[in-house]
Amino acid sequence: MIKVKFGDLAREYERYGVEIDRAISRVLRSGWFILGPEMEAFEQEFADYLGIANCVGVASGTEALALALLACGVGPGDSVITVAHTAVPTASAVTMIGAQPVFVDVQPDTGLMDVSQVEAAITPQTRAIIPVHLYGHCVDMEPLLQIAAENGVPVIEDAAQAHGALYKGQKAGTMGTAGCFSFYPSKNLGCYGDGGAITTADRALAEELVMLRNYGQRARYYHEILGFNCRLDEIQAAILGVKLGYLDQWNNRRREIGQLYNESLGHLPLRLPAERPGNKHVYHLYVIQTTKRDALQASLTKLGIQSLIHYPVPVHLQKAYRYLGYEPGSLPETEKLAHEILSLPIHPHMHDDEVDTVIKAVKEFYR
Ligand SMILES: *Cc1c(COP(=O)(O)O)cnc(C)c1O
């Protein structure tokens, strides 16, 4: 019997279904499904929310990253510096366009890119850097942007887990040359299918992205560049328009739950997620670290509490990425995390008694 679910989008729909249904049926009644007023309105609203000039809706977070790389001129034979402690799609976007990912290690407490390793990883082939704002917490962007500027390399933020997160007052996805978002259903802002977006202050880059997502067309049937089909559809955009109105409230609820966990589990022999000063962590995931990870997870499962591991195998050790030539031991902090991390349930529709159940179960394990 499952007592505490890891996520609960059915509960979300129970609560907000009337509004969501109204948005969906507005699209159905309009008879217009691709590249229309819903996407345009959402792009504007999301850009305004973030405080950036341009937002381009696309079909997924992976394609947001791939198109952003292409628009920055990255292609076959180029290298892109990123991390292996991430969701594999960060790397998929790089390989999709024929480029090669180069991994730097992460900080042991935050699990985020260790920016101090980036400069040494830059080579003449380096054409972009992708910091990943993993778990809803921003990478240390100030020194990263400085290193990137000194080397003339664009920074493309993977903000797929960080909608609304702040770094020194700036929103994730607004600090680099481009910001890439996923609206996969379980993300802090998710649609009811696949979706994504790219944000940028650079108008010319945005225009290029608008062509890339739609067969390379500038005007209908006039193809200026080689392109793709990666569009955010009208139904998903309408759903996102409704949900964007709740994003801050939902992120605050995630932070409230994170705070409850922090206060209740702080005295136990495990490492809690770090939040750097000046940051607003939006707890896409609440990830603890413990050498007893597998036993703790088994004990939670027995009590009906779902937990997950994000991620059990780092990208550089995945079978598909062996061709890159990384050996076990090459990214020690990344590999250590893979053995010790555990994501506890955290989502905006979680009730206090469910949070309590998780806290009691973790405490009981260490008793
Ligand atoms: C979800 C996610 C992506 C990919 O997004 P999709 O919409 O599933 O393609 C990329 N990077 C990170 C860090 C993610 O969590």
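Residues numbered from 1 in each chain as written. Predicted model: local features only at pLDDT ≥ 70, side-chain atom pairs only at ≥ 80, totals over all residues. Heavy atoms only, no water.

### Remarks on the sheet that holds strand 5 (residues 156-158)
Piece 1. Read from one edge to the other, the open sheet built from four strands follows the order 1-9-8-5, with strand pairing classed as mixed. In this open sheet, the two strands that pair with only one neighbour each are strand 1 (54-58) and strand 5. Adjacent strand axes in the sheet meet at a mean angle of 20 degrees when their direction is disregarded.
Piece 2. Note that strand 8 (residues 178-182) and strand 9 (residues 196-200) share four bridges and pair antiparallel. Residue pairing in the sheet places Ser-182 in a bridge with Gly-196 of strand 9. (Pairing = 2+ DSSP bridges. Helix = DSSP H or I, 4+ residues; strand = E, 2+ residues; numbered from the N terminus. Axes fitted to C-alpha atoms, helices over the stretch in contact; angles between N-to-C directions.)

### Description of the nonpolar core
Piece 1. Of all hydrophobic cores here, the largest spans 54 residues; its most connected members are Phe-42, Phe-46, Met-113, Val-118, Ile-129, Leu-144 and Phe-183.
Piece 2. Of all elements in the fold, only helix 2 (37-50), strand 2 (79-83), helix 5 (118-121), helix 6 (141-151) and helix 8 (234-244) reach the threshold of two or more residues within this core.
Piece 3. Sort the elements by how many residues they give to this core and helix 2 lands first, with six residues.
Piece 4. Val-94, Ala-128, Ile-156 and Leu-209 belong to the second largest nonpolar core, which has 28 residues in total. (Core = buried A, V, L, I, M, F, W, Y, C linked by side-chain atoms within 4.5 Å. Buried < 20%, exposed > 50% of the residue type's maximum accessible area, 1.4 Å probe, protein only.)

### A few points about the sheet that holds strand 4 (residues 126-129)
Piece 1. Strand order across the open sheet formed by three strands is 3-2-4, with parallel pairing between neighbours. Looking along the sheet, the strands with just one partner apiece sit at the ends: strand 3 (100-104) and strand 4. Taking each pair of neighbouring strands and ignoring which way they run, the sheet shows an average axis angle of 35 degrees.
Piece 2. In this structure, strand 2 lies alongside strand 3, joined through five bridges in parallel fashion.

### Describing the site of the ligand
Piece 1. Inspection of the region around the ligand gives 15 residues, with Gly-61, Thr-62, Gln-161, Ser-182 and Lys-187 positioned closest.
Piece 2. Within the contact set of the ligand, an oxygen atom lies 3.1 Å away from a side-chain nitrogen or oxygen of Lys-187.
Piece 3. Protein chains bury 91% of the 390 Å² of accessible surface belonging to the ligand in isolation.
Piece 4. Those elements giving two or more residues to the shell around the ligand turn out to be helix 3 (61-71) and helix 4 (89-96).
Piece 5. The class makeup of the residues in the shell around the ligand is five nonpolar, eight polar and two charged. (Near = heavy atom within 4 Å. Polar contact = N/O pair within 3.5 Å; in protein donor to acceptor, adjacent residues only side chain to side chain. Areas by Shrake-Rupley, 256 points an atom, 1.4 Å probe, with all protein chains shown as cover. Nonpolar A, V, L, I, M, F, W, Y, C, P; charged D, E, K, R; others polar.)

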